[in-house]
Amino acid sequence: MDTYFQTTVQKLNSEFTFELEPIVNIQKMKISDFELLLRSRKTNSFPSKIFSSISANENNNQQFLQWIINNLILQFQANPSKIIAINLDPLQLTYQSTLACLKNLLPYKKQLIIELTEQLLPLGQLDRLTKALKYLRFLDFKIALDDLGSGENTLQFLLNNSVYFKRIKISLLKFKTLDTLSLDALLTFWSIFAHKRQLELVVEGIDSNKKSHHVADKHIYLQQGFQWKKKFNSF
């Protein structure tokens, strides 16, 4: 490890940490996989401004992503049965250095899910993003589309690119203002869509037994949120 990168790693370790949030299969009542969440050591929340600043510059993003990947590899090696999802913004996937970094995870691809976040993509970059998704699928990485219906991750985007994805995710937190009837219709639609396209469907924002049962009534059994984080907090 060169001196510059070693200094960068020490700085990142001092400022950030990770949290593993479980995605639970409630039919089997067991953890399916985890989402790796970046947290500020100062606030214990996602450092959105700092992350945006880092990811806006390809060189900084490369150093940052390599740090994440090194931490992931340690997790994978310590527990070969553990599956972990990492979040990448669309902009990050337009960088060639991101694709090069991800190739380091090829030996662990069965343990990895790449989640494409809903962050808006700069104008003129959509073709580069599509090519990156195509390349990652060629390498046989499992890709998930996060926060459907928000930002870049529209239904139209999914229809145009569904061949690249194995999982889709929706968050109840994004639709808190919907009435019960409208939310039921939305969940039913995505449940049918996922079944027809042979996609895994995860619902985030499950913070009570009531919501969990309500979502399960729509035949959606992969769930994520405070309710399951609390139940499986030992993991």
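All of the points below concern the structure found in this document. (Residues numbered from 1 in each chain as written. Predicted model: local features only at pLDDT ≥ 70, side-chain atom pairs only at ≥ 80, totals over all residues. Heavy atoms only, no water.)

1. Topic: the overall build of the chain
Turning to step 1, where the next piece is worked out: Along the chain, the regular secondary structure elements total 10 helices and 8 strands.
Turning to step 2, where the next piece is worked out: For 235 residues, the compact-globule estimate of 2.2 N^0.38 gives 18 Å, and the chain sits close to it at 18 Å.
Turning to step 3, where the next piece is worked out: The proportion of buried residues among the 235 residues of the chain is 51%.
Turning to step 4, where the next piece is worked out: When contacts within the chain are restricted to residue pairs at least 6 apart in sequence, those whose partners lie at least 24 apart make up 67%.
Turning to step 5, where the next piece is worked out: Counting only carbon and sulfur atoms, one obtains 53% of the accessible surface of the chain, whose full area is about 12,500 Å².
Turning to step 6, where the next piece is worked out: Here the chain holds 29 positive side-chain charges and 21 negative ones, and the gap between their average locations is 4 Å. (Helix = DSSP H or I, 4+ residues; strand = E, 2+ residues; numbered from the N terminus. Rg over C-alpha atoms; globule rule 2.2 N^0.38 Å. Buried < 20%, exposed > 50% of the residue type's maximum accessible area, 1.4 Å probe, protein only. Contact = heavy atoms within 4.5 Å. Areas by Shrake-Rupley, 256 points an atom, 1.4 Å probe, with all protein chains shown as cover. Lys, Arg positive; Asp, Glu negative; His and termini not counted. Charge placed at Lys NZ, Arg CZ, Asp CG, Glu CD.)

2. What to know about the layout of surface pockets
Turning to step 1, where the next piece is worked out: Here the largest pocket defines a volume of roughly 980 Å³.
Turning to step 2, where the next piece is worked out: Lining the largest pocket are 42 residues, with E35, L37, F46, N87 and D146 positioned closest to its centre.
Turning to step 3, where the next piece is worked out: Of all the secondary structure elements, the ones that give two or more residues to the lining of the largest pocket are β1 (16–25), β2 (30–40), α2 (48–55), α3 (58–78), β3 (84–88), α4 (90–93) and α10 (226–231).
Turning to step 4, where the next piece is worked out: A per-element tally of the lining of the largest pocket places β2 first, with 5 residues.
Turning to step 5, where the next piece is worked out: By residue class, the composition of the lining of the largest pocket is 19 nonpolar, 11 polar and 12 charged. (1 Å grid on protein atoms, 1.4 Å probe; cavity = no way out; pocket = protein on both sides within 12 Å on 5 of 7 lines; lining within 4 Å. Points joined across faces, edges and corners; volume = space filled by probe spheres on them. Nonpolar A, V, L, I, M, F, W, Y, C, P; charged D, E, K, R; others polar.)

3. Brief notes about the packing of helix α5 (residues 96–103) against helix α6 (residues 126–138)
Turning to step 1, where the next piece is worked out: One can describe the packing of α5 onto α6 by two numbers: an axis separation of 11 Å at closest approach and a directional angle of 15°. Compared by their axis directions, α5 and α6 come out roughly parallel. α6 is crossed by α5, and the crossing has right-handed handedness. Contacts between α5 and α6 involve L99, L102 and K103 from the first element and A132, Y135 and L136 from the second.
Turning to step 2, where the next piece is worked out: Grouping the amino acids of the contact of α5 with α6 by side-chain chemistry returns 5 nonpolar, no polar and 1 charged. (Axes fitted to C-alpha atoms, helices over the stretch in contact; angles between N-to-C directions. Parallel < 35°, antiparallel > 145°, perpendicular 65-115°, else oblique. Left-handed = near helix turned anticlockwise from the far one by under 90°.)

4. Notes on the sheet that holds β1
Turning to step 1, where the next piece is worked out: Spatially, β1-β2-β3-β4-β5-β6-β7-β8 is the arrangement adopted by the 8 strands of the closed barrel, whose pairing is mixed. If you compare each strand with its neighbour and ignore which way they point, the axes differ by 30° on average.
Turning to step 2, where the next piece is worked out: By the bridge criterion, 10 bridges tie β1 to β2 in an arrangement that is antiparallel. Along β2, the bridge assignment pairs E21 with E35. (Pairing = 2+ DSSP bridges.)

5. Observations concerning unusual backbone geometry
Turning to step 1, where the next piece is worked out: Phi angles above zero are rare outside glycine, and Q198 is one such case at about 55°.
Turning to step 2, where the next piece is worked out: With phi around 65°, H219 is a residue other than glycine that occupies positive phi space.
Turning to step 3, where the next piece is worked out: Take H219: it is sitting in the loop between α9 (209–216) and β8 (222–224).
Turning to step 4, where the next piece is worked out: Note on H219: relative accessible area 58%, which makes it exposed.

6. A look at the side chain of Q111
Turning to step 1, where the next piece is worked out: Tracing the backbone through its elements, the reader meets Q111 in the loop between α5 and β4 (112–116).
Turning to step 2, where the next piece is worked out: Given the relative accessible area of 9%, Q111 is considered buried.
Turning to step 3, where the next piece is worked out: Of note is the side chain of Q111, whose polar atom sits 3.5 Å from the backbone oxygen of F76.
Turning to step 4, where the next piece is worked out: The residues contacting Q111, other than those within four sequence positions of it, are F76, N79, P80, S81, K82, I83 and I84. (Polar contact = N/O pair within 3.5 Å; in protein donor to acceptor, adjacent residues only side chain to side chain.)

7. A word on the packing of aromatic side chains
Turning to step 1, where the next piece is worked out: Evaluated as defined, the whole model comprises 12 aromatic pairs.
Turning to step 2, where the next piece is worked out: Measuring from centroid to centroid gives 6.3 Å for F16 and F64, while their planes differ by 80°, and the two rings are edge-to-face. Placement of the pair is F16 in strand β1 and F64 in helix α3, with a sequence separation of 48 residues. Of the two residues, F16 and F64, both sit in the buried class.
Turning to step 3, where the next piece is worked out: Plain terms: the ring middles of F51 and F64 are 5.9 Å apart, the flat faces sit at 65° to each other, and that makes the pair edge-to-face. A residue pair is termed long-range when its members are at least 10 positions apart, and F51 in helix α2 and F64 in helix α3 qualify at 13 residues.
Turning to step 4, where the next piece is worked out: Residue F64 is classed as buried on the basis of its relative accessible area of 3%. (Phe/Tyr/Trp six-rings, centres within 6.5 Å; stacked < 30°, edge-to-face > 60°.)

From the geometry alone we can't say anything about function, so treat these as descriptive.
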